[in-house]
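Examining the three-dimensional arrangement
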Amino acid sequence: MVFANLVDFSGGPAIQVVSFLPKKDPQPAAEAIHTQFASLKQWTPVALCGTIAARAIMPDKGKRLGNLDIELMLQRIHVLNSISDDLMFTRDSTFGPEDRHLQIRSDSRLRRALWSRAQIASLCRSELEKHGFLEVETPILFKSTPEGAREFLVPTRQKGLMYALPQSPQQYKQILMASGVRRYFQFAKCFRDEDLRADRQPEFTQLDLEMSFAGANDVMTVMEALVKRIWEERRTVLSEGLTFPLRRLSYHTAMCTYGSDKPDLRFDHSRIRDVTIILPHLQNGDPNLIVEAFALKAKLSPLKSPHYPLDAARDLFSEVFSRAELQAKEGDQPVIAFIGNSDIARNAELLRRAEFNTREQVSRFLSARNDEIVVIQARPRIANGGNTHLGLIRDALLKEGYARQIVSRAAVDEIVWITDFPLFKLDSESEQGQGGESGLSSTHHPFTAPRLEDIPLLETNPLQVKAEHFDLVVNGVEVGGGSARIHDAELQKYILEDIIKVPKQRLQQFDHLLKVLASGCPPHAGMALGYDRLIALLNGTDSVRDVIAFPKNGKGADPLIGSPGPVGDKDLQGYFLKQV
């Protein structure tokens, strides 16, 4: 008797195939089938014929042996294809990204993620259609416009002309709003030539939507209905603590309290506090600096005592503060850190300039106890970017502390809106922005509307202008962002030309949008969910590569296909290109 499991990738019932050959006078045909069946390699594709029956229950155990539901007594077999001799499959076989097809075939988690991805897409379509949205596909071959990220360019056989792959369907969906499409959505492919990491791909999918005659609150209301349905159907247990409408935090509050514009509110403790009044000397006489601090709050012991051993605190302190990415950069104020009254400290001598025991004063102000880690740093009063340096340290200590079971974390998902972002930010070497000459670029994209009450500040103090922009943050991960858009052509031109100071040649690349806005485009707002990132979160993985069928690696390459690949000089000439 020979047993084998029949694998059904569609999720059908688990079937055990049985070939039985009697010892006495077996039929030659049956013997041939039995021998052929016994010789098959794992994962061989076959067509089978036999008798189906429910698997028998073991009389002494009251249950079936294994987890298979159905038994097929084999009568005929047809092998549909063979497997290469150099391929070996065992229970412990693992495959690299160059064998992605075998990764998917052998890893049930990857297959479940693909099923999850498709099912949630169907759910999203159902919910959005219920709210009157129309699914519209927009072109992949776009043109180069300075929206913020580096683009992928596609050469043409017309000299000097190139397409650009869209960073998002942003401009097309705004054009749809001027076209009379009241509510639009699509699962859009987007492309950005950026540095890669675990949660970023050069090509990615976003659930994109836009609403005309609508503002930011209208979009957030629709998105909350969608999030509620996804969490109720796909994240049942972790949705129990969610309340709607979702909590909202301003960018300023998030940066001052958590040091991040995407705070993980499962760690809604160890908050950052302003301690300038206690440590004014750390301002170094600069009123534009504030001094902030936090205490890493200990996990409660079984006796409800907020205490962790000094050795555990010492190890955590040493590990986190030795990380290269957390070292203060040029222009940063020094980081001061200490553990209670111990000798474990960093730059503690800077506290001695005060006339009293500042360790004790700060610890008391932060309600720090026992051996809790305290971290202090001054920073510019106006926050810029996605994190303060102190916020990065806080995040690292919380995550590493949780992994070491030193600090606690809420057991349910925490979802929050971050609102009232600055409309503009200072340019940096790492982010090219819109390539303007003013030193400013749009925090989100240059089509984001300013808050109505802040429009007068555009001329006098643009960095103080707040945007009608909002991000959706789940467990410290930004899964989407949106805004009310500029629908007035003159205001749009003013921001591009006079605030950002986009060069005239680049400004002409927006002529089509300005033309559309001037045609009587209604007020509109929209949002995009990072669909890959959302599916990764719902499937409990940190990497979007685990939820994409054929992802690119850290170098932007597909090892299975071998892309990107070389192109010969003759082919390049047809596009007026040559290698240099």
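The paragraphs below set out a description of the structure included in this document. One numbering rule holds for all chains: residues counted from 1, following each sequence as written. In keeping with the predicted nature of the model, local features appear solely for residues at pLDDT of at least 70, side-chain atom pairs appear and are counted solely at 80 or more, and the whole-chain, interface and lining totals rest on all residues. To get the side-chain values, take all heavy atoms of the structure and skip hydrogens and water.

Concerning the overall build of the chain
Helix and strand labels come from DSSP, where a helix needs a run of H or I of at least four residues and a strand needs a run of E of at least two; each type is numbered from the N terminus. Per the secondary structure count, the chain includes 15 helices and 21 strands. For the chain, the C-alpha atoms occupy an extent of roughly 100 × 70 × 55 Å along the three principal directions. A total of 580 residues make up the chain; the buried ones form 44% of that total. Once local pairs closer than 6 in sequence are excluded, the contacts in the chain between residues at least 24 apart make up 69%. Calculation of accessible area relied on Shrake-Rupley with a 1.4 Å probe; when residues are assessed, cover is drawn exclusively from the protein chains displayed. Counting only carbon and sulfur atoms, one obtains 51% of the accessible surface of the chain, whose full area is about 30,700 Å². Think of it in three bands: with a 1.4 Å probe and only protein chains considered, a residue is buried below 20% of the maximum accessible area for its type, exposed above 50%, and partly exposed in between. Contact definition: two residues touch when any of their heavy atoms are within 4.5 Å.

Description of the sheet that holds strand 1 (residues 2-6)
Following DSSP output, two strands are said to pair if at least two bridges run between them. Here we have four strands laid out as an open sheet, ordered 1-2-4-3, and mixed in their pairing. With partners counted over all chains shown, the strands left at the sheet margins are strand 1 and strand 3 (46-54), one partner each. In this sheet, neighbouring strand axes are inclined to one another by 35° on average, regardless of whether the strands run parallel or antiparallel. As paired elements, strand 3 and strand 4 (residues 70-79) share nine bridges and run antiparallel to each other. Bridging across to strand 4, Gly-50 finds its partner in Leu-74. Where helices are involved, their axes are fitted lines through C-alpha atoms of the stretch in contact, as for all axes, and angles between N-to-C directions lie from 0 to 180°. Across the sheet, helix 1 (residues 28-39) touches strand 1, strand 2 (15-19) and strand 4, and the angle it forms with strand 4 is around 95°.

Some words on the pattern of salt bridges
When a carboxyl oxygen of Asp or Glu is within 4 Å of a side-chain nitrogen of Lys or Arg, the pair counts as a salt bridge. A full pass over the atoms with the stated rule returns 26 salt bridges. Put simply, Glu-292 and Arg-379 hold a salt bridge, and the shortest N to O gap is 2.9 Å. Taken as a pair, Glu-292 in strand 12 (residues 289-295) and Arg-379 in strand 15 (residues 373-380) lie far apart in primary sequence, 87 residues in all. Judged by relative accessible area, which is 2%, Glu-292 ranks as buried. Residue Arg-379 is classed as buried on the basis of its relative accessible area, which comes to 8%. The partner of Arg-404 in a salt bridge is Glu-400, and the shortest N-O contact between them spans 2.9 Å. Note on Glu-400: relative accessible area 19%, which makes it buried. A single network of salt bridges, built from pairs that share partners, joins Glu-127, Lys-130, Arg-229 and Glu-233.

Quick notes on the layout of surface pockets
Put simply, the grid is 1 Å and covers the protein atoms alone, a cavity is a trapped set of points that fit a 1.4 Å probe, a pocket is an open set with protein on both sides within 12 Å along at least five of seven lines, and lining residues have an atom within 4 Å of a point. Grid points are joined across faces, edges and corners, and a volume is the space filled by probe spheres set on the points. Taken as a whole, the second largest pocket encloses approximately 1,400 Å³ of empty space. Contributing to the lining of the second largest pocket are 43 residues, with Asn-5, Leu-6, Val-7, Gln-42 and Trp-43 lying nearest its centre. Those elements giving two or more residues to the lining of the second largest pocket turn out to be strand 1, strand 2, helix 1, strand 3, helix 2 (100-106) and helix 3 (108-130). If you tally residues by element for the lining of the second largest pocket, the top one is helix 3, at six residues.

Focus: unusual backbone geometry
Across the junction of Phe-244 and Pro-245, the peptide omega takes the value 0°, indicating a cis bond. Relative to the assigned elements, Pro-245 resides in the loop between helix 5 (216-234) and strand 10 (247-250). Phi at Phe-213 takes a positive value of approximately 50°, unusual for a residue other than glycine. Mapped onto the elements, Phe-213 comes out in the loop between strand 9 (203-212) and helix 5. Take Phe-213: its relative accessible area is 58%, and that puts it in the exposed class. Backbone geometry at Asn-347 places phi at a positive 55°, although glycine is not the residue there. Mapped onto the secondary structure, Asn-347 falls in the loop between strand 14 (345-346) and helix 8 (358-365). According to the relative accessible area criterion, Asn-347 is partly exposed, its value standing at 29%.

Observations regarding empty space enclosed by the protein
All told, the structure shown has one cavity of 30 Å³ or more when counted by the stated rule. There is about 40 Å³ of room inside the largest cavity. Around the largest cavity, the lining residues are Val-227, Ile-230, Trp-231, Leu-472, Val-474, Val-479, Leu-529 and Leu-534. Elements supplying a minimum of two residues to the lining of the largest cavity: helix 5 and strand 19 (469-474). Ranked by residue count, the leading element in the lining of the largest cavity is helix 5, at three residues.

Some details on a nonpolar patch on the surface
Within this analysis, patches are made of residues with over 30% relative accessible area and no salt bridge. Like charges are joined at 9 Å or less; nonpolar side chains (Val, Leu, Ile, Met, Phe, Trp, Tyr) at 5 Å or less. A cluster of nonpolar side chains, contributed by Met-1, Phe-3, Phe-20 and Met-73, occupies part of the molecular surface with about 420 Å² of accessible area. Note on placement: Phe-20 falls in the loop between strand 2 and helix 1.

Brief notes about the side chain of Gln-201
By the secondary structure assignment, Gln-201 is in the loop between strand 8 (183-191) and strand 9. A residue is classified by how much of its surface remains accessible, and Gln-201, at 5% relative accessible area, is buried. Polar contact criterion, stated in full: a pair of N or O atoms within 3.5 Å, where within protein one must be able to donate a hydrogen and the other to accept it, and residues adjacent in sequence count only if both atoms are side-chain atoms. Among the polar contacts made by the side chain of Gln-201, one reaches the main-chain amide nitrogen of Lys-552 at a distance of 2.7 Å. Those residues in contact with Gln-201 that lie beyond four places of it in its chain are Leu-196, Val-544, Arg-545, Ile-548, Pro-551 and Lys-552.

Regarding the nonpolar core
In terms of nonpolar packing, the biggest core is built from 64 residues, with Met-223, Ile-230, Trp-231, Leu-472, Met-527 and Leu-529 touching the most fellow members. Counting residues in hydrophobic clusters, the runner-up holds 23 residues, among them Phe-267, Leu-296, Phe-317 and Val-407. Definition of nonpolar core: a set of buried residues of the types Ala, Val, Leu, Ile, Met, Phe, Trp, Tyr and Cys, connected through side-chain atoms within 4.5 Å.

Describing the environment of Pro-45
Of note, Pro-45 is situated in the loop between helix 1 and strand 3. Judged by relative accessible area, Pro-45 falls into the partly exposed class, the value being 32%. The spacing of Pro-45 and Ser-270 is 225 residues in sequence and 56 Å in space, taken between C-alpha atoms. Once residues within four sequence positions are removed from consideration, Pro-45 is found in contact with His-78, Val-79, Leu-80 and Asn-81.

Read these as layout, nothing more, since geometry by itself doesn't imply function.
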